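A closer look at the structure
Here is what each chain is made of, one letter per residue.
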Amino acid sequence: MTMGNLALFQGMKQKMDWLTQRHTVLAENIANADTPGYRARDLKPLEFRSLVKETPRVNMAATAANHLTGTRREPEFRVNEERPRNAYEVSINQNAVSLENQLTNVSQNQADFRLASSLYRQNITLMKLAIGRQPGA
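Residues numbered from 1 in each chain as written. Predicted model: local features only at pLDDT ≥ 70, side-chain atom pairs only at ≥ 80, totals over all residues. Heavy atoms only, no water.

1. Side note on the side chain of Asn29
Let me state the cut-off plainly: A run of H or I in DSSP becomes a helix once it reaches four residues, and a run of E becomes a strand once it reaches two; helices and strands are each numbered from the N terminus. Summary of the burial criterion: residues with accessible area below 20% of their type's maximum are buried, those above 50% are exposed, and those between are partly exposed, where the area comes from a 1.4 Å probe applied to protein chains only. Whether two residues touch is decided by their heavy atoms; if any such pair falls within 4.5 Å, the residues are in contact.
Within the fold, Asn29 resides in helix α1 (residues 7–31). Exposure remark for Asn29: the relative accessible area of 0% places this residue in the buried category. Once residues within four sequence positions are removed from consideration, Asn29 is found in contact with Tyr38, Arg39, Ala40, Arg41, Val97 and Gln102.

Following this line, the structure appears as structure tokens:
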């Protein structure tokens, strides 16, 4: 089994791929800030719930008769259905791109990518330690 087959790494890779694609869309929005009639676009948010559903179930093993087997509960997620309102106006040439909003999205996207890549790197280091290799090797 390779590390790419582990659900944790697949989820992180999927998140980083989504962030890369979102960065491209946000860059197109900024590039078309003066294009008449252009409307800002964004990707559909990546849902964590779909990643959790794809993760295989692993039950606890009782290695002794006095061990408890434990109970498994389904995770309880609350989904906020409220959509944020866009308070930005459309310009005279019917362009609906707000540079402030797009730059805020780019900044958040960059921070999310740095976090995901840092987590990926740290998990690789932990896996190397677990198999007995030095982290730098």
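2. Notes on α1
In plain terms, the rule: To estimate the expected span of a helix, count its residues, drop one, and scale the result by 1.5 Å.
Here α1 is 25 residues long and its end C-alpha atoms lie 36 Å apart, about the 36 Å a rise of 1.5 Å per residue gives. Those residues of α1 that fall on the buried side of the exposure criterion are Phe9, Gly11, Met12, Met16, Trp18, Leu19, Arg22, Val25, Leu26 and Asn29.

3. Comments concerning the pattern of salt bridges
Pairs may arise between side chains of opposite charge once their charged atoms sit close together. Note the cut-off: Only one rule defines a salt bridge in this text: a Lys or Arg side-chain nitrogen within 4 Å of an Asp or Glu carboxyl oxygen.
What the rule picks out here adds up to 3 salt bridges. The shortest N-O distance in the salt bridge between Arg22 and Asp42 comes to 2.8 Å. Here Arg22 is found in helix α1, whereas its partner Asp42 is found in the loop between α1 and α2 (48–54), with 20 residues between them in sequence. For Arg22, a relative accessible area of 10% corresponds to the buried category. Taking the relative accessible area as the measure of exposure, Asp42 reaches 40% and is therefore partly exposed. For Arg41, the salt bridge identified is with Glu28, shortest N-O distance 2.3 Å. On the criterion of sequence distance, the pair formed by Arg41 in the loop between α1 and α2 and Glu28 in helix α1 is long-range, its members being 13 residues apart. Owing to a relative accessible area of 44%, Arg41 belongs among the partly exposed residues under this scheme. For Glu28, a relative accessible area of 32% puts it in the partly exposed group.

4. Some thoughts on the packing of α1 against helix α3 (residues 99–130)
Definition in use: Fitted lines through C-alpha atoms give the axes, limited to the stretch in contact for helices. The angle between two N-to-C directions lies from 0 to 180 degrees. Roughly parallel means an angle under 35 degrees; roughly antiparallel, over 145; roughly perpendicular, 65 to 115; everything else is oblique. Left-handed describes a crossing whose near helix is turned anticlockwise from the far helix through less than a right angle; right-handed describes the clockwise counterpart.
Closest axis-to-axis distance for the α1/α3 pair is 9 Å, and the angle between their directions is 160°. The angle between the axes of α1 and α3 places the two elements in the roughly antiparallel class. Seen along the crossing, α1 lies across α3 with a hand that is left-handed.

5. So, the confidence of the model for the protein
Our working definition: pLDDT is a residue-level measure of predictor confidence that goes from 0 to 100.
When the pLDDT values of the protein are averaged, the result is 77; 66% of them are 70 or greater. Per-residue pLDDT, averaged within each element of the protein, yields its smallest value for α2 (64) and its largest for α3 (91). The low-confidence segment residues 77–85 (pLDDT under 50) makes 4 contacts with residues lying over four places distant or belonging to another chain.

6. Some words on the environment of Ala33
With respect to the element layout, Ala33 can be found in the loop between α1 and α2. Assessed through its relative accessible area of 15%, Ala33 is described here as buried. For Ala33 and Ala96, which are 63 residues apart along the polypeptide, the C-alpha to C-alpha distance reads 8.1 Å. Setting aside residues no more than four positions away along its own chain, Ala33 makes contact with Asn95, Val97 and Leu99.

7. Some details on the packing of aromatic side chains
Here is the rule: Any Phe, Tyr or Trp ring, taking Trp's six-membered ring, that has another such ring centre within 6.5 Å forms a pair; planes under 30 degrees apart are called stacked, those over 60 apart edge-to-face, and the others tilted.
As enumerated under the stated definition, the model contains 1 aromatic pair in all. Taken together, a centroid distance of 5.3 Å and an interplanar angle of 80° make the contact between Phe9 and Tyr120 edge-to-face. Here the residue Phe9 occupies a position in helix α1, and Tyr120 occupies one in helix α3, the gap between them amounting to 111 residues. Of the residues examined, Tyr120 reaches a relative accessible area of 30% and is grouped as partly exposed.

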